[in-house]
Structure formats: structure tokens, C-alpha cells
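The residues making up each chain are set out below.
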Amino acid sequence: MQLIRHPANPILLPDPTSDWECANVFNPAVIYHNGLFHMHYRAQGLDWISRIGYAVSADGVHWNRMRRPVLAPLDGTDSRGIEDPRVLEIEGVFYMCYTAYGREFSGNGEPTHARGGILPMIARSHNLITWERLGPIVRGEDNKDHVLFPRKINGRYAALHRRWPDVWLAWSDDLLTWRESDMAPIYGPRRDDPNAWDGKSVGSNGVPIETEQGWLLINHGYNDDHVYKFGVVLLDLDDPTQVISRPKTAIFEPEELWELRGDVPNVVFSSANPVVDGAVYVYYGGGDHVIGLATCRLDELLDFALKG
Ligand code: BMA
């Protein structure tokens, strides 16, 4: 089971005429809503600070982008950038999960990232363009790759987040309060297998896909060689702390020149996997520099998740 690259790749490139997106565009969120694909992508320009741009498409391949970013740094908690968005809809409201990278460190102890800190943030929107910050899932730790489930489970909101090196599940009643007692680790790197592609680090990709057999997750990982690859994990529908299956084989890895080279080499990094007409559209950053698309049939991916 392998994802198939779209022949039009890469489907979005940096814009050399723009101050804020002339260097890199990568790691987009994509949601399919009212017959259109809506993309929120991470962009870097002259100042190398990540902002979120917006583009829209009727076919998921050809995009029209807005001239200015829809989300940009506001204060010390995100002054170094807004990174890796994941967008979804719950009960008619849009939410964006993103990593805020700031100069301020809002925790105890030492900064987590180069004299600053990161926060796994959630923002809310009713129109996909204007966003209101709600707050982070946790503070003061190295935590990112968080993504909400696209519906409440047993009456509560649920999110995956990455408390390195493990992927955790967290529950909340209002998306504002995330209690430590409502969080638990669910899976981690395959440290005991020397040949595992995901032996060192793992994290979530796009929004969990609901199927009759469980929550289908596409995830990423790497081992000592630091080559990012994708795999799948199936979680129980009612109790997503339970891993039903996790095939050992990766379904995607860097092969094209623009995935092997770029701003960061050997990176495919995805935070979007919308399902449209039975096809999974996996959007990803290649080399932290451009945006690609790879697809598969949902039923084949689920079959692989169960038996692979
Ligand atoms: C991760 C994230 C991604 C990035 C990847 C590869 O830690 O920060 O944004 O694509 O590294 O550089």
C-alpha cells in the first residue's frame, strides 16, 4: 500500500513577488466544505517568520490564493511564527490547531526551543478567514502535532497531541480547559525494533478519519536517519485511547528531488487528509519548501490498516 503522487506536483510553490511567502510554503491544512477545497498553509518570506496563507480550489489541485496572510503573529507567544495548521469543522464551527512559536516561555523551567517556547494552540472561525485564538492544550513543554477529532466522542471534545516522544489523547468539555487527569499516552515510537522507520519519533498528520472500523489516522515518524515517512494507525471509535492496529510498513516517503532537497532535506510532512468521494487527499510539505498532493482510496487504506 503506497500513496500515489499527483502528476501536477508540486501543487503550490513559494511566490517570488510576495514579502511573506517568497521563501517556503508547506505543511498545509485542507478542508473540503460546500464543494470547495480550502487550504490554510504555512508560509515563510523575507523575515523567515511563519504565517498562515489561504487558498481555495474547486478540484483540489489548482489553487487561488489570497494576497495577505489570514493568521500572523500577535504577541510574544507566537512572534517567531504560526506553524503547521490543521483545520476541521465540529457542529458548524471551524477550528484550527496550530503551533505557536514565541520568544516568551509560558512554563516552568527552561525554554523548550531556542530561547523561546511553543504552544499547541486552538483557534476558532465561522468563515475560515477570520480566526479567534482560544488557547493552548498545554503550556510549558515541547508539545505539538495536536489535532482535534472532527466530532465529540461520548459528549466531549477529544484531541491528539504529541508529548515527545509519545502521542497522547486529551479530553475537554469546552476546548478551553484541558486537565492533566484527562490525558493519556496512546502510542509511541517503535524503539524496540532496530529496522523501524518510526523508531525515534512519531506524530499525528491530519484530522482523524471516521470509519465503521475505527478512527483511521495517518501519522508520521522517523528513525536515526531522520527521514520523515507516513504510516497508519487505527483507534477504537468509542475509546480512542485503544489502538486496534498499527501496520509496520510506511505508506509514503521522500522520493522526488523536491522532497529529498529543500529548506530541510528528506521531509514529507502532512497535516491534511480530507476524504472526498471515497478518495483520501494527502497534502504535504516537501522539504519544508513546497506543497505536494498524494492520494489513495479510503477503502484500500482502511483494509491496509486492518490487515497490513
Ligand atoms: C517538525 C515540524 C514541521 C517540519 C518538520 C521537518 O518538527 O516543525 O513543521 O516540517 O519538523 O522540518
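Here, residues in each chain are numbered from 1, in the same order as that chain's written sequence. pLDDT decides what is reported in this predicted model: residues at 70 or higher carry local features, side-chain atom pairs at 80 or more are listed and counted, and totals for whole chains, interfaces and linings draw on all residues regardless.

## Observations concerning the overall build of the protein chain
Now for step 1: For helices the rule is a DSSP run of H or I covering at least 4 residues; for strands it is a run of E covering at least 2, with both sets numbered from the N terminus onward. When its secondary structure is counted, the protein chain shows two helices and 22 strands.
Now for step 2: As a reference, a globule follows 2.2 Å times the number of residues to the power 0.38, and the radius of gyration itself is taken over C-alpha atoms. A globule of 308 residues ought to have a C-alpha radius of gyration of about 19 Å, and the protein chain, at 18 Å, matches this closely.
Now for step 3: Sorting the 308 residues of the protein chain into buried and exposed places 46% on the buried side.
Now for step 4: Residue pairs at least 24 apart in sequence account for 47% of intrachain contacts in the protein chain once pairs closer than 6 positions are excluded. Put plainly, a residue is buried at 20 or more neighbouring C-beta atoms within 10 Å of its own, exposed at 12 or fewer, and partly exposed in between, counting only other residues' C-beta atoms, which are placed from the backbone. Whether two residues are in contact depends on their C-beta atoms, placed from the backbone: they are in contact if these lie within 7 Å.

## With respect to the nonpolar core
Now for step 1: To count as a nonpolar core, a set of buried Ala, Val, Leu, Ile, Met, Phe, Trp, Tyr and Cys residues must be joined through C-beta atoms within 7 Å. Of all hydrophobic cores here, the largest spans 81 residues; its most connected members are A159 and V232.
Now for step 2: Excluding residues that lie within four positions of it along the chain, V232 makes contacts with L216, L217, I218, P247, I251, L301, F304 and A305.

## Considerations on the site of the ligand
Now for step 1: Only the C-beta atom matters for this test: placed from the backbone, it must lie within 6 Å of a molecule or strand for the residue to be near it. Residues in contact with the ligand, as listed here, are N27, E83, D84, V264, V267, F269, G285 and D288.
Now for step 2: Classification convention: Asp, Glu, Lys, Arg as charged; Ala, Val, Leu, Ile, Met, Phe, Trp, Tyr, Cys, Pro as nonpolar; all other residues, Gly among them, as polar. Residue composition of the shell around the ligand, by class: three nonpolar, two polar and three charged.

## Some details on the sheet that holds strand β7 (residues 93-102)
Hydrogen bonding along the main chain pairs the strands of a sheet, whether they run parallel or antiparallel.
Now for step 1: We call two strands paired when DSSP finds no fewer than two bridges between them. In space, the four strands of this open sheet follow the order β6-β7-β8-β9, with antiparallel pairing throughout. On the outer flanks of this sheet lie β6 (81-90) and β9 (132-136), each paired with one strand and no other. The mean angle between the axes of side-by-side strands here comes to 25°, regardless of whether they run parallel or antiparallel. Where helices are involved, their axes are fitted lines through C-alpha atoms of the stretch in contact, as for all axes, and angles between N-to-C directions lie from 0 to 180°.

## Observations regarding the environment of D236
Now for step 1: Residue position: D236 is located in the loop between β17 (229-235) and β18 (243-245).
Now for step 2: The class for D236 is partly exposed, based on 14 C-beta atoms found within 10 Å.
Now for step 3: It is 30 Å that separates the C-alpha atoms of D236 and G35, two residues lying 201 residues apart in sequence.
Now for step 4: Contacts of D236, omitting those with residues within four sequence positions, involve G214, Q242 and I244.

## What to know about the pairing of strand β16 (residues 214-222)
Now for step 1: Taken across its nine residues, β16 has nine buried, putting it largely inside the fold.
Now for step 2: Bridge count between strand β14 (residues 201-204) and β16: four bridges; the pairing is antiparallel. Counted as the bridge partner of G203 is H220 from β16.
Now for step 3: Strand direction decides the pairing type here: strand β15 (residues 209-211) and β16, joined by three bridges, are antiparallel.

## Let's talk about the environment of D193
Now for step 1: Tracing the backbone shows D193 in the loop between β13 (183-187) and β14.
Now for step 2: Assessed through the 12 C-beta atoms surrounding it within 10 Å, D193 is described here as exposed.
Now for step 3: In sequence terms D193 and H33 are 160 residues apart; their C-alpha atoms lie 41 Å from each other.

## Side note on unusual backbone geometry
Now for step 1: Cis geometry is adopted by the peptide bond preceding P10, which originates at N9 and carries an omega value of -15°.
Now for step 2: In this fold, P10 is placed in the loop between β1 (4-5) and β2 (24-33).
Now for step 3: The residue after W164, namely P165, is reached through a cis peptide bond having omega 5°.
Now for step 4: Locating P165 in the fold gives a position in the loop between β11 (157-163) and β12 (166-172).
Now for step 5: Unusually for a residue other than glycine, N27 sits at a positive phi of about 45°.
Now for step 6: Relative to the elements of secondary structure, N27 occurs in strand β2.
Now for step 7: When the 28 C-beta atoms within 10 Å are taken as the criterion, N27 is described as buried.
Now for step 8: Even without a glycine there, the phi angle at N266 is positive, about 60°.
Now for step 9: In this fold, N266 is placed in the loop between α1 (257-260) and β19 (268-272).

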